[in-house]
Amino acid sequence: MANMAEAPERRPSLIPARADGWTALSTLSTVVVVIALFLFFGLTSERFFLPQNLLNILKQMSIVGILGIGMTVVILVGGIDLSVGSVVLLSSAVTALLLDSYDVAPVPAIGAGLVIGALVGLVNGVLVEVAGISPVIATLGTLIAVRGLGQILIENTYIWVTDPLFVDIASDTIAFLPIMAVIMLVLYVVFAIVLKQTVFGRYVYAIGGNPIAARLSGVPLLRVKILAYVLSGLLAAVAGMLTAATVGVVGPNAGAGMEFNAIAAVVLGGARLSGGVGRVEKTLLGTAIFTMVLNYLTLSGVTAIWQQTVTGFLVLGAVLLERFVQRGK
Amino acid sequence: MSDAMTQPPTPSLTRQDAGRFLGDYGLLVILVLLVLIFNAANPTFLSVANITKMLEQNAPLFIVAVGMTFAIISRNIDLSPGSMIALVGVVMGMIFASTGSILLALLGGFAASILIYVVNGILIAKIGINPLIVTLAAWIWARGLAVSLTGGDSIVIRDPFITFMNNAKIWEIKPALVLIVLAFALGWFLLNRTRLGRYTYAMGGDERATIQAGVDVVFYKILMFAMLGFFTAVGAVITISRLGAAAPDAAYGLELDAIVAVIIGGNPFQGGEGNLRKTLLGALFIAILNNGLSNLGMIDAYFNVYKGLAIIAALLFGLVSRRLLEGKGGDDELLDPVGVSWVEPSGSV
Amino acid sequence: MRPSEPVFMNPDLTAMRIHDDYAPPILEMRGIVKRFPGLVALDGVDLSVRRGEIHALIGQNGAGKSTLMKILSGVYTPDEGDIRVEGLPVSIHYPREALRLGIGTVYQDLSLVPQLSVADNIYLGREPGNGFVIDQTAIRRSTQALFRRLEVRDIDGDERVGRLPLAQQQLVEIAKVLSHEPRILILDEPTAPLADEETAHLFRILRGLREQGIAIIFISHRFKEILQQCDRATILRNGRLVTTIDMQGVSEDELVELTIGERLETFFHHAEQMRANADVVLEVSHLSVRRAVRDVSFTVGRGEIVGITGLLGAGQNELARALFGIQDGVRGTIKRRGLVVRIRSPRQAVRLGIGLLTEHRKLEGLVPDMSVKENISLPSLAAFRRLTMFIHNGRERWAVRESMQQLNVKAASSKVKVSTLSGGNQQKVILGKWLLRDLDVLIFISPTQGIDVGAKAEIYAHLSELANQGKSIIVVSEDLLEILGISDRIFVMYNRRLTRIFQRGEVDEETLLSAVQGATL
């Protein structure tokens with residue numbers, strides 16, 4: 001032997017099959033948790049399984065679920081977007097104002113709302129990736145400023161959204177499924193494909209997994225990361241439209257605190273907060289857990305004011321559980 | 001040195017000086033401008049009464065910002081102080097309501113606050129969960145618990161202690177002002193004179209090297225969070241005193257103000273360095289903004305926009321001064337992958 | 001802990017300087033064996049160090065020097081053999097135990113907190129005071145005393161470590177280790193980043209410590225300074241002890257010979273003849289890198305393997321990084337196929353057909369959570385697009401499979417996470433990544449570091465084959481055998497300059513080693 005390494009840099013590896021099996025198991029375990037909760041809630045509450053309630057859950061899921069998609073993408077590239085709750089307000093305020101005061105047709109009004117959302121995302125992306133401000137701080141700044149902008153637009157009062165299109169979105173169904181749920185599910189399918197089957201999706205995982213290696217492989221980091229923030233803003237605007245439709249009114253506190261619900265859904269779905277690991281499908285499961293628990297509590301007569309406490313502990317519990325499962329491995 | 005090539009790359013002195021000046025005095029200049037503007041709009045702005053009122057109103061912010069400085073220097077974060085102040089206030093209010101003893105209420109509140117922070121510290125330091133998640137969860141559940149425990153209503157506290165906190169004054173100095181001074185003094189002492197402070201810097205600078213040097217990083221991180229719990233409890237005492245009641249919706253958004261105060265003062269978010277002088281300036285900035293804007297009779301909405309814009313501007317400003325100070329990136333550039341990929345190819349074959 | 005006492009070597013030690021050769025050695029390692037999966041890093045090595053000497057530890061890369069020192073400092077535990085300190089048997093399981101036994105180590109990668117001051121770094125973790133409140137005056141005083149003893153005059157104890165040049169940081173690290181009052185001081189290639197004058201200063205300090213009776217173990221590749229400064233040397237080769245010699249009257253040639261030993265039959269796949277290199281694909285003229293490379297010019301031909309070697313810090317790594325657009329402070333011109341190009345980012349480099357593989361596989365080469373397939377296709381995704389944004393799975397899978405077979409990547413499937421592969425296979429994955437992209441200039445930095453022998457041979461074979469297919473390959477390595485075995489031309493860098501160029505066959509290992517040491521012929 002002419003040459004010997006001083007020391008190998010790593011210990012013998014895990015058996016590949018096991019490591020691969022692990023990911024599958026972990027997804028599976030989230031599904032199992034969802035099903036178990038579903039059955040448990042159904043069996044212990046006589047109203048949980050009522051079709052009306054189940055559809056209700058789907059509807060309740062849709063707004064957080066859509067925010068969760070954007071949050072997943074941003075978290076996957078190693079960032080975070082705290083401004084989405086404020087984007088919900090600003091985008092719905094723009095649309096409501098165009099409808100209400102300027103008599104713009106609903107479709108262009110919605111388009112304007114969506115563009116505003118994407119623009120806020122662009123600002124976030126530039127602040128974080130070009131100016132180099134930490135994502136937590138930068139999006140906290142836009143959280144404050146954007147909420148203020150939205151409140152100025154609606155002059156800190158309430159604007160009713162009475163357009164029939166919005167009423168339909170809130171109440172109509174397609175083959176028993178509420179339209180809102182359909183919109184959410186379609187978006188999930190689209191983004192599952194985007195992340196899994198497109199070049200952009202592959203880059204997202206590469207950047208979150210190892211930005212240095214991604215850069216050395218010629219991945220256009222800046223473009224991909226900014227686009228992630230833009231998508232988050234855009235999806236937040238979609239959630240804003242749905243919020244306006246369900247509530248029927250845009251008020252100064254629309255969307256407040258929703259960013260935390262979205263993060264909670266992503267975390268419950270098991271994504272890694274430092275990026276590179278996570279899937280939108282699992283965020284959907286996270287949203288389901290989150291919504292079912294809150295729904296069950298309401299059905300059981302737990303007042304709405306306890307729900308927030310439960311949400312917080314739910315997030316902590318999920319993270320802790322994951323940590324211990326990982327250690328056990 | 002044998003030849004000039006081995007000299008470390010130093011940006012030109014003038015540029016560095018400019019950067020240092022901006023970093024050290026830039027915010028001060030902005031502060032003075034802000035004061036002048038507000039004073040022009042409202043001549044009573046600079047009166048002693050208004051200044052003490054401003055400080056007193058923002059006392060919880062100042063005190064929480066002291067703790068936040070530790071969290072950020074050590075490369076952690078605390079999103080929970082706003083919710084925790086509400087919860088701790090409610091705990092104090094409930095104990096007072098059932099025992100009638102303000103002393104027990106204060107003790108219970110401090111104990112609860114420190115205990116919760118220690119648990120969070122354990123989750124972060126020992127179990128290794130991201131501080132963002134842990135304190136985010138606390139942000140959610142602590143507020144929720146505060147609301148749930150009271151059913152959303154405030155608990156009125158009538159006690160000579162509260163009266164004392166609100167009314168006692170020597171000249172224009174009220175207890176809240178004294179507490180601000182004490183908090184900064186205590187924070188300064190801990191940060192600069194004790195192991196806790198030294199390791200706060202060391203953990204934020206290079207945690208691996210700190211562990212290698214034999215520092216029990218887990219213990220000191222938990223200790224640091226316990227201290228944050230203490231400061232938060234002080235903030236809660238001031239908050240319930242000012243309101244004369246424990247309100248579950250108190251101190252909403254305080255965490256944002258506190259984080260922003262620390263960062264805007266010029267303490268880098270990535271930790272390892274920073275000081276309380278910068279935090280003091282940053283907190284003053286927020287306090288003046290809060291007070292000045294509301295004096296102008298500005299509605300919350302405009303208030304938020306100006307505040308958000310001012311914050312982003314000040315952040316960018318700090319960034320510019322730091323860039324000037326450091327010159328273009330050195331060997332770290334590989335670790336900051338964004339820098340280079342920004343440039344698109346121009347010389348392709 | 002006695003933090004507030006003046007912290008430095010026990011003055012008694014000064015009086016205890018022992019010149020007697022027959023005195024028991026302060027450190028004795030006997031029959032040390034250390035095995036790693038797939039290789040024996042140390043095979044019955046002895047090392048004996050006396051009080052008050054500077055003892056050099058010499059050997060080629062892979063000889064086992066670092067492993068031996070890591071055993072001594074408690075990073076590794078030996079599989080066999082025993083260690084005696086001052087005649088007493090000891091076992092060292094943790095770095096702390098080593099420190100307690102008086103063994104202090106200065107590693108190549110420093111462990112300082114850049115934001116803390118010099119003095120605070122030195123006493124980090126054992127600040128004087130009552131255990132909570134720090135006695136800052138004591139820290140300052142002790143640091144001053146320490147620096148006085150070490151004759152360090154130009155470092156301010158209150159300056160932040162991050163603001164100091166590397167050479168001074170190194171002195172701080174040494175001071176930090178010395179403040180533990182070690183009896184044995186280990187220095188792992190401390191002079192690599194230092195300029196001549198700084199090296200001289202370091203040796204002045206070391207001689208002072210020797211006077212105080214401290215034993216110094218000194219790892220270096222620079223024979224000149226070893227001959228000048230060290231008392232004795234222990235030479236390792238392939239994990240075995242060659243000899244321990246007195247430096248009195250030893251010549252550089254003798255050291256070279258001892259280090260290399262008899263020629264070993266190598267497993268390199270030699271090309272039968274020089275590969276044609278008339279067709280220039282890369283031309284570098286007057287390339288300089290701030291603080292690292294000075295005015296280097298060369299060309300690389302089509303289908304040629306160029307080996308670049310030099311001592312650690314001679315500039316070869318920075319040169320390679322400059323060609324890939326990840327090095328700051330680069331001046332000079334680079335031409336690809338006759339056209340002047342600017343390479344400012346890896347993205348540009350890749351578009352220009354240049355790929356880089358570094359020894360930091362995990363950090364710079366791979367996305368550990370992604371599959372083998374996804375890693376291999378990452379730079380080439382654009383080629384598998386359909387409908388502008390979607391990935392054509394079939395074509396991707398087919399191409400990746402092709403590439404994995406060609407390189408003989410051993411993995412259960414292309415879908416397993418790349419982090420589960422062995423080092424050699426990971427390196428092949430990175431290679432596959434660039435081959436799939438069809439780049440024609442490939443730069444390798446230490447391509448076989450930390451890879452077991454079998455995988456090494458395979459990688460060499462692949463390099464050869466690639467060159468035969470017309471790819472141009474630049475290998476940067478400090479492993480002379482590797483460079484000799486695979487290169488068509490060998491560039492030697494010394495002190496930031498390209499000093500020698502050898503053709504295949506016109507140089508043997510000894511000449512090359514001398515050239516690396518700065519011999520100008």
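Here the structure is a predicted model, which means the values were calculated and not measured.

Participant: What should I look at first to understand the sheet that holds strand β19 (residues 441–445) of chain C in this one?
Facilitator: By definition, the strands of a sheet pair up through backbone hydrogen bonds, in either a parallel or an antiparallel sense. Residues and elements named next belong to chain C. What the six strands build is an open sheet, ordered β16-β19-β20-β13-β21-β22; its pairing is mixed. A single partner strand is all that each edge strand has here, and the edge strands are β16 (354–357) and β22 (497–503). Recorded for the sheet is a direction-independent mean angle of 20 degrees between the axes of neighbouring strands. Where strand β13 (residues 305–310) lies against strand β20 (residues 472–476), four bridges are found, and the strand directions are parallel. Each bridged residue has a counterpart across the sheet, and for G307 the counterpart in β20 is V475.

Participant: I'm lost on the packing of aromatic side chains in this one. Help?
Facilitator: When we look at a pair of aromatic rings, we describe it by the centre distance and by the angle of the planes. Within the structure shown, the criterion is met by 18 aromatic pairs over all chains. Pairing F313(A) with W141(B) gives two aromatic rings, centres 4.7 Å apart and planes at 20 degrees, and the pair type is stacked. Of this pair, F313(A) sits in helix α13 (residues 304–328) while W141(B) sits in helix α6 (residues 131–150), which puts the two residues in different chains. Looking at F313(A), the relative accessible area reads 40%, which means it is partly exposed. Since its relative accessible area comes to 7%, W141(B) is described here as buried. Relative to F218(C), the ring of F203(C) has its centre 5.1 Å away and its plane inclined at 50 degrees; by these criteria the two rings are tilted. In this pair, F203(C) is assigned in helix α7 (residues 196–211) and F218(C) in strand β8 (residues 215–219), connecting sequence segments 15 residues apart. Its relative accessible area of 0% is what places F218(C) among the buried residues. When the ring centre of W434(C) is taken as reference, the NZ or CZ atom of K433(C) above it lies at 5.5 Å.

Participant: Would you take a moment to explain a negative patch on the surface for this structure?
Facilitator: All names here are of chain C. A contiguous patch of negative charge on the surface is contributed by D253, E254, E257, D508 and E510. The biggest single contributor to the negative patch is helix α9 (residues 252–260), with three residues. As for its position among the elements, E510 is in helix α18 (residues 509–516). Judged by relative accessible area, which is 36%, E510 ranks as partly exposed.

Participant: Which parts of the structure should I look at to understand helix α7 (residues 179–197) of chain A?
Facilitator: Structurally, the α-helix is built with 3.6 residues per turn, so residues lying three or four positions apart point the same way. Counted at 1.5 Å a residue, the expected span for α7(A) with its 19 residues is 27 Å, and the 26 Å between its end C-alpha atoms agrees. Here α7(A) has its buried residues at I179(A), M180(A), A181(A), V182(A), M184(A), L187(A), Y188(A), F191(A), V194(A) and L195(A).

Participant: Looking at this model, I keep getting lost on empty space enclosed by the protein. Mind explaining?
Facilitator: Residue and element names in this part refer to chain C. The full count for this structure, using the stated rule, is eight cavities of 30 Å³ or more. Size it by volume and the second largest cavity reaches roughly 150 Å³. Lining the second largest cavity are 16 residues, with Q60, H221, L311, E478 and L513 positioned closest to its centre. Taken together, the residues of the lining of the second largest cavity break down into seven nonpolar, seven polar and two charged. Among the domains, domain 1 (11–260) and domain 2 (280–516) are the pair contributing at least three residues each to the lining of the second largest cavity.

Participant: Explain the side chain of Q168(C) here, please?
Facilitator: Locating Q168(C) in the fold gives a position in helix α6 (residues 166–178). When neighbours within four sequence positions are excluded, Q168(C) is seen to be in contact with D154(C) and I155(C).

Participant: Before we go on, may I ask you to explain the pairing of strand β14 (residues 330–336) of chain C in this structure?
Facilitator: As a general feature of sheets, a regular strand has side chains that alternate between the two faces. Residues and elements named next belong to chain C. Pairing analysis gives six bridges linking strand β11 (residues 280–289) to β14, with the strands arranged antiparallel. Counterpart to V284 in the pairing with β14 is I334. Where β14 lies against strand β15 (residues 339–341), three bridges are found, and the strand directions are antiparallel. Bridged to K335 within β15 is V340. Hairpin connection between β14 and β15: a loop of two residues separates the two successive antiparallel strands, and R337 in this loop has a positive phi of roughly 45 degrees.

Participant: Can you walk me through the pattern of salt bridges in this structure?
Facilitator: Here the idea is simple: oppositely charged side chains can pair when their charged atoms come close. Tallying each qualifying case throughout the model produces 29 salt bridges over all chains. R279(A) is paired through a salt bridge with E281(A); the nearest N and O atoms lie 3.2 Å apart. Note on R279(A): relative accessible area 30%, which makes it partly exposed. Under the relative-accessibility criterion, E281(A) is labelled partly exposed at 33%. Through salt bridges that share partners, R202(A), K373(C), E374(C) and E396(C) make up one connected network.

Participant: Help me understand helix α10 (residues 316–323) of chain C, please; the structure alone is not making it clear to me.
Facilitator: All names here are of chain C. With six of eight residues buried, α10 lies mostly within the body of the structure. Within the sequence span of α10, burial applies to Q316, L319, A320, R321, A322 and L323. Of the residues trailing α10, G325 is marked for its positive phi of about 80 degrees.

Participant: Can you walk me through the sheet that holds strand β10 (residues 240–246) of chain C in this structure?
Facilitator: Residues and elements named next belong to chain C. Within the open sheet, the six strands sit side by side as β6-β7-β8-β3-β9-β10. Their pairing is mixed. Every interior strand has two partners, whereas the edge strands, β6 (103–106) and β10, have only one. Within the sheet, the average angular offset between the axes of one strand and its neighbour, ignoring direction, is 20 degrees. In this structure, strand β9 (residues 232–237) lies alongside β10, joined through six bridges in antiparallel fashion. Along β10, the bridge assignment pairs I235 with T243. Where α7 meets the sheet, it contacts β3 (54–58), β7 (184–188) and β8, and its direction lies at approximately 150 degrees from that of β8.

What counts and how
- Residues numbered from 1 in each chain as written.
- Chains lettered and ligands numbered in written order.
- Predicted model: local features only at pLDDT ≥ 70, side-chain atom pairs only at ≥ 80, totals over all residues.
- Heavy atoms only, no water.
- Pairing = 2+ DSSP bridges.
- Helix = DSSP H or I, 4+ residues; strand = E, 2+ residues; numbered from the N terminus.
- Axes fitted to C-alpha atoms, helices over the stretch in contact; angles between N-to-C directions.
- Phe/Tyr/Trp six-rings, centres within 6.5 Å; stacked < 30°, edge-to-face > 60°.
- Buried < 20%, exposed > 50% of the residue type's maximum accessible area, 1.4 Å probe, protein only.
- Lys NZ or Arg CZ within 6 Å of the ring centre and 35° of its normal.
- Patch = residues over 30% accessible without salt bridge, like charges linked within 9 Å, V, L, I, M, F, W, Y side chains within 5 Å.
- Areas by Shrake-Rupley, 256 points an atom, 1.4 Å probe, with all protein chains shown as cover.
- Salt bridge = Lys/Arg side-chain N within 4 Å of Asp/Glu carboxyl O.
- Lys, Arg positive; Asp, Glu negative; His and termini not counted.
- Charge placed at Lys NZ, Arg CZ, Asp CG, Glu CD.
- Expected span 1.5 Å × (residues − 1).
- 1 Å grid on protein atoms, 1.4 Å probe; cavity = no way out; pocket = protein on both sides within 12 Å on 5 of 7 lines; lining within 4 Å.
- Points joined across faces, edges and corners; volume = space filled by probe spheres on them.
- Nonpolar A, V, L, I, M, F, W, Y, C, P; charged D, E, K, R; others polar.
- Domains from an automatic or database assignment.
- Contact = heavy atoms within 4.5 Å.

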